[in-house]
Amino acid sequence: MPERLEQSMKLIGIYSSFLILFCSIAHQREGAQDSCSHRCGEELVNCSCQRACKSLGICCSDYSEFCLQISPSSGSLMGGKDFEILNVTFNASSVVSCRFKQEIETSGYVAEDGRAHCISPLLYESGLIPLEISRDGGLTFPHSATWLSVHHSKVSAAEKSTLVNATKWQYYGTPNTGGNLTVTWMHQTFPARCINIEVWGYQETGESYSENWMAEWKYLYTLGKEEPNSGTFTFIPVPAKADYNTWDIGALRISPSNYSDGQSNVPSIWSPVHALAWHLEEDFRKHSAAWATAKCLEWDRREEKLPDFLEEIMDCPCTLAQARADTGRFHTDYGCDIEKGSVCTYHPGAVHCVRAIQASPQYASGQQCCYDSTGTQILTRDSIGGSTPDRGHDWGSPPFKKPPRVPGFSHWLYDVISFYYCCLWSDNCQFYLKHRPSSDCRTYKPPRVASAFGDPHFLTFDGANITFKGQGEYTLLESSLTTLRVQGRTQPARPLNGLFLYSTADQNITVMFSSGAGMELRGRGGFLSLTVLLPVEFHNHTQGLLGVMNDNPRDEYTFKNGTTMSSDASPLQLFEFGADWVVKNETSLFTYDTQFLLNNFFYVAKHNSAFIPVFSPYEDPADLLVKEMTLLCDSDPFCKFDVLTTRSLKVGNSTRVSHQNHKWLVESLQPVVCCGWLDHPTTGKKEGTNYLLASTIRFSCNQGYRLAGSEERTCQLTGVWSGDTTSCLPGTDNNQAVLFGCIFGILGFVILVLLIFLLCRKQKRQNNWNQKLNQNPGVSTTSEQELVQLQRIESL
């Protein structure tokens, strides 16, 4: 019998393991060449050129010579970053040349300390860029490294200049906006005493969506020549020369003044990309609204000729809760973030917006979704604060470089500057919203959630749970739909006697995949929780400790061979199920870069069969900890389990919070019925902008029109609106009919009373006349003609 150990374990490796948790490393063993020249990152026959080789002592003899370490290893895609090579010394006669992605070659230099330096070039893409170094002026490039090109808005403050009062820069020349403009930067960036400040413009030329569609950053002119490197520059803008004053998107470049104007690939820092209102032609300053209107109408005509990208972008989440929870497919829009006070300048009425992570497949377009304080989606058909999709995704899209896939800049050209034309510099926003209408959520399907946390507890996609405390490396998730695999490593945790998801720091890491899958790692109090979100396309395509995602809890415990175990299996049977998902060396995603990892996870069995944990810890009523545990955990079984196992309330609290987060995600991502947007009738109004289940929209007509169809319509469970289509037809409405009825009724009554009065009066006079005739018989001799005349007189 194996020894029964009352000990818990932890799932470790948020850094070394996690960084490669989702990516396989190719082990290529071809040929017998044992040099790292041109082969960095590979494992050779007798030695290795991989980064882990140093800690294992298996590097090829020339590894340090050819596989370079650089610092810093990243910078803005705008270029201008000076970085040095750390592990190779060059001599003064070396002619250093740096080649990026085997395409862009820049000149380097050797500093007094013998270290070579390169300047990153202006790139039109983000991500990892292969870098090669030559010491013979570009004849050969045997040395290699990797450069990380970063979206221009995501670099640190030290790597870019700041436009003081950026709004003023972008409204300069419009009514009531003028005066000085100021740009600042960290003067320590350059050792130079003087700097130049240049204006660069961005454009895309050629036929849209064709092979000759090209992106271009172009030097326009120098704004400040040989200015002191004081960290600040103030000037009064004047319209640029005619050749440049129609460029309306661009940035400032600050570089040492010993370089010539517009010279490429020199040390520099850039301002944010912005609307160049401050340098536009004189006509803009005289009649900015008219100038912008003409630009808006021109943009409108161009948009009419471009393909419709709206059909291929995904629908928005229906609620704010869904939008914030679906982190595999949507990320916070930094211009409207509820966590930062909901300063939503371009979306009045919104408290939070999100953007789709992935660009659409054909047109590389992006999606945006905005929500109000009630969590309801705001649509542009109802409000100018509604979300607007993008022809160019802000993050760009592989293969980058060509429009509209250039990170940031294509988005500015097609979606941002047009907003300035139509909505900010003039009052023509209807043209912009016509081409950028909000998407509703009728086809949105929320992802499914599975989690792992604590000592570890696994909550599956279909709602089952397993507490598996094996010691080794295990498959949490693998999918037959894609190459996605998630593996976890556990080992005894001391002094807590726990098996935990462990983190060395409090931090959150989110990993997003093109399939729409998302992974979240949350560090809290030194403990780690893992959340996996999968879109519905993964239905029936998952297995592992996180279960089969198919809405059938009965097959959650499916072994590798496809057999299943009962959902009411005993803890020991569940332990055997978990052990079945042990990882093999040949399929492991982990790196074994220390002797400890080799001895404990590579050279030994992946699952320690000698370790049998406690499945049901004893709860002693006399234990003082139990009372505190009850107050902390309430009815949470995982919190209680971990407190009893580890004797730590801190661990129990971390588990409790993680479990609450999982339950919040599951609740937030419940499907919501949407019936779609309803328009107000022509010449009428509607009340209500919520189009989800049980919401009611009410309609009314303007004066002079009557309502036909349903006065109110309610969103039904079937996703269809109740009632009939509403319209307003010419004619009087009910209120008018009632009003006119009252008026004519009163008039009729008055006329009737008047007629009765006149008849009574006439009858009275006739009686008086007859009485006179009876009293004066001589009157009867009066002629008939005279009698008639007297009667007429009486009647008056």
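Here, the structure is the one placed above.
Residues numbered from 1 in each chain as written. Predicted model: local features only at pLDDT ≥ 70, side-chain atom pairs only at ≥ 80, totals over all residues. Heavy atoms only, no water.

Caption draft 1: Geometry of the overall build of the chain. On a plain count of helices and strands, the chain comes out with 15 helices and 35 strands. Per-residue burial over the chain gives 50% buried out of 796 residues. If you take every contact in the chain between residues at least 6 apart in sequence, the share linking residues at least 24 apart comes to 62%. (Helix = DSSP H or I, 4+ residues; strand = E, 2+ residues; numbered from the N terminus. Buried < 20%, exposed > 50% of the residue type's maximum accessible area, 1.4 Å probe, protein only. Contact = heavy atoms within 4.5 Å.)

Caption draft 2: Inspection of the state of the cysteines at higher detail. Scanning the model with the defined rule gives 14 disulfides in all. Disulfide pairing places Cys 316 opposite Cys 369 at an S-S distance of 2.0 Å. Taking the torsion about the S-S bond as the criterion, the Cys 316 to Cys 369 disulfide, at about -85 degrees, is left-handed. Here the residue Cys 316 occupies a position in the loop between helix 5 (288–305) and helix 6 (320–325), and Cys 369 occupies one in strand 21 (residues 368–371), the gap between them amounting to 53 residues. For Cys 316, a relative accessible area of 0% gives the class buried. With its sulfur 2.1 Å from that of its partner, Cys 675 forms a disulfide with Cys 715. Taking the torsion about the sulfur-sulfur bond, which here is approximately 85 degrees, the covalent link between Cys 675 and Cys 715 counts as right-handed. (Disulfide = S-S within 2.5 Å.)

Caption draft 3: Focus on the side chain of Asn 229. Along the polypeptide, Asn 229 turns up in the loop between strand 14 (214–228) and strand 15 (232–235). A residue is classified by how much of its surface remains accessible, and Asn 229, at 12% relative accessible area, is buried. Engagement of the side chain of Asn 229 in a polar contact is seen with the backbone oxygen of Phe 190, the distance being 3.3 Å. Setting aside its immediate chain neighbours within four residues, Asn 229 contacts Trp 185, His 187, Phe 190, Ala 192, Arg 193, Cys 194 and Ile 195. (Polar contact = N/O pair within 3.5 Å; in protein donor to acceptor, adjacent residues only side chain to side chain.)

Caption draft 4: Layout of the packing of helix 11 (residues 624–633) against helix 13 (residues 649–668). Between helix 11 and helix 13, whose axes approach to 10 Å, the crossing angle comes to 20 degrees. Regarding the angle of helix 11 to helix 13, the classification is roughly parallel. Where helix 11 crosses over helix 13, the handedness of that crossing is right-handed. Across the interface between the two elements, Leu 625, Glu 628, Met 629, Leu 632 and Cys 633 from helix 11 touch Leu 649, Gly 652, Asn 653 and Arg 656 from helix 13. The class makeup of the residues in the contact of helix 11 with helix 13 is five nonpolar, two polar and two charged. (Axes fitted to C-alpha atoms, helices over the stretch in contact; angles between N-to-C directions. Parallel < 35°, antiparallel > 145°, perpendicular 65-115°, else oblique. Left-handed = near helix turned anticlockwise from the far one by under 90°. Nonpolar A, V, L, I, M, F, W, Y, C, P; charged D, E, K, R; others polar.)

Caption draft 5: Region of interest: the side chain of Ser 257. Considering the arrangement of structural elements, one finds Ser 257 in the loop between strand 16 (249–256) and strand 17 (269–270). What makes Ser 257 buried here is its relative accessible area of 19%. With sequence-adjacent residues up to four places away left out, Ser 257 is seen in contact with Cys 194, Ile 195, Asn 196 and Glu 226.

Caption draft 6: Looking closely at the pattern of salt bridges. Throughout the structure, instances matching the rule amount to 27 salt bridges. Residue Arg 39 pairs with Glu 42 through a salt bridge whose shortest N-O separation is 2.9 Å. As far as burial versus exposure is concerned, Arg 39 and Glu 42 are alike and both buried. Across the pair Glu 103 and Lys 401 runs a salt bridge, and its minimum N-O distance is 3.2 Å. One end of the pair, Glu 103, is in the loop between strand 5 (97–100) and strand 6 (104–107); the other, Lys 401, is in the loop between strand 21 and helix 7 (409–424), and 298 residues separate them in sequence. (Salt bridge = Lys/Arg side-chain N within 4 Å of Asp/Glu carboxyl O.)

Caption draft 7: Highlighting the packing of helix 11 against helix 12 (residues 637–646). Taken N-terminus to C-terminus, the directions of helix 11 and helix 12 make an angle of 150 degrees; their axes are 9 Å apart at the nearest point. Judged by the inter-axis angle, helix 11 sits roughly antiparallel to helix 12. Our pair here, helix 11 against helix 12, has a crossing hand that is right-handed. Across the interface between the two elements, Leu 625, Val 626, Met 629, Leu 632 and Cys 633 of helix 11 pack against Cys 639, Lys 640, Val 643 and Leu 644 of helix 12. Among the residues forming the contact of helix 11 with helix 12, the class breakdown is eight nonpolar, no polar and one charged.

Caption draft 8: Representation of the packing of aromatic side chains in the model. Summed over the entire model, instances satisfying the criterion amount to 36 aromatic pairs. Look at Trp 200 and Trp 270: their rings are 5.4 Å apart centre to centre, the planes differ by 70 degrees, and that puts the pair in the edge-to-face class. With a gap of 70 residues between them, Trp 200 in strand 13 (residues 194–205) and Trp 270 in strand 17 connect regions that are remote in the sequence. One exposure class covers both Trp 200 and Trp 270, and it is buried. Pairing Phe 468 with Phe 575 gives two aromatic rings, centres 5.5 Å apart and planes at 45 degrees, and the pair type is tilted. With Phe 468 in the loop between strand 24 (465–467) and strand 25 (473–479) and Phe 575 in helix 9 (residues 571–580), the pair connects residues that are 107 residues apart, well separated along the chain. Neither Phe 468 nor Phe 575 differs from the other in exposure class; each is buried. Aromatic ring contacts, followed pair by pair, group Tyr 171, Phe 284, Trp 291, Trp 412, Tyr 420, Tyr 421 and Trp 425 into a single cluster. (Phe/Tyr/Trp six-rings, centres within 6.5 Å; stacked < 30°, edge-to-face > 60°.)

Caption draft 9: Quick peek at the sheet that holds strand 32 (residues 696–701). If you walk across this open sheet you meet the three strands as 31-32-34, and the pairing is antiparallel. At either end of the open sheet lies a strand with only one pairing partner, and these are strand 31 (684–687) and strand 34 (712–714). Put simply, the sheet's adjacent strands are angled 20 degrees from each other on average, direction ignored. The pairing of strand 32 with strand 34 spans three bridges and is classified as antiparallel. Considered in strand 34, the bridge of Thr 696 is made with Thr 714. (Pairing = 2+ DSSP bridges.)

Caption draft 10: Examining helix 5 more closely. In a regular helix each residue adds 1.5 Å, so 18 residues correspond to 26 Å; helix 5 covers 26 Å between its end C-alpha atoms and thus fits that length. Among all positions in helix 5, only Ser 288, Trp 291, Ala 292, Cys 296, Trp 299, Asp 300 and Glu 303 are buried. (Expected span 1.5 Å × (residues − 1).)

Caption draft 11: Quick peek at the sheet that holds strand 3 (residues 74–76). Across the sheet, which stays open at both edges, the five strands sit in the order 3-10-9-5-6 with mixed pairing between neighbours. Each edge of the open sheet is held by one strand with a lone partner, namely strand 3 and strand 6. With direction set aside, neighbouring strand axes in the sheet form an average angle of 35 degrees.

Caption draft 12: Spotlight on the nonpolar core. With 54 residues, the main nonpolar core has Ile 85, Leu 131, Ile 133, Tyr 202, Trp 217, Phe 409 and Trp 425 as its most contacted residues. At 11 residues, helix 7 tops the list of elements feeding residues into this core. Among the nonpolar cores identified, the runner-up in size contains 34 residues, and Phe 458, Leu 476, Leu 484 and Met 519 belong to it. (Core = buried A, V, L, I, M, F, W, Y, C linked by side-chain atoms within 4.5 Å.)

Caption draft 13: Just the pairing of strand 21, in detail. Residues of strand 21 alternate between two faces, with Gln 368 and Cys 370 on one and Cys 369 and Tyr 371 on the opposite face, all of them buried. Sheet analysis places strand 20 (residues 352–356) next to strand 21, joined by four bridges and oriented antiparallel. For Cys 353, the partnering residue across the bridge sits in strand 21 and is Cys 370.

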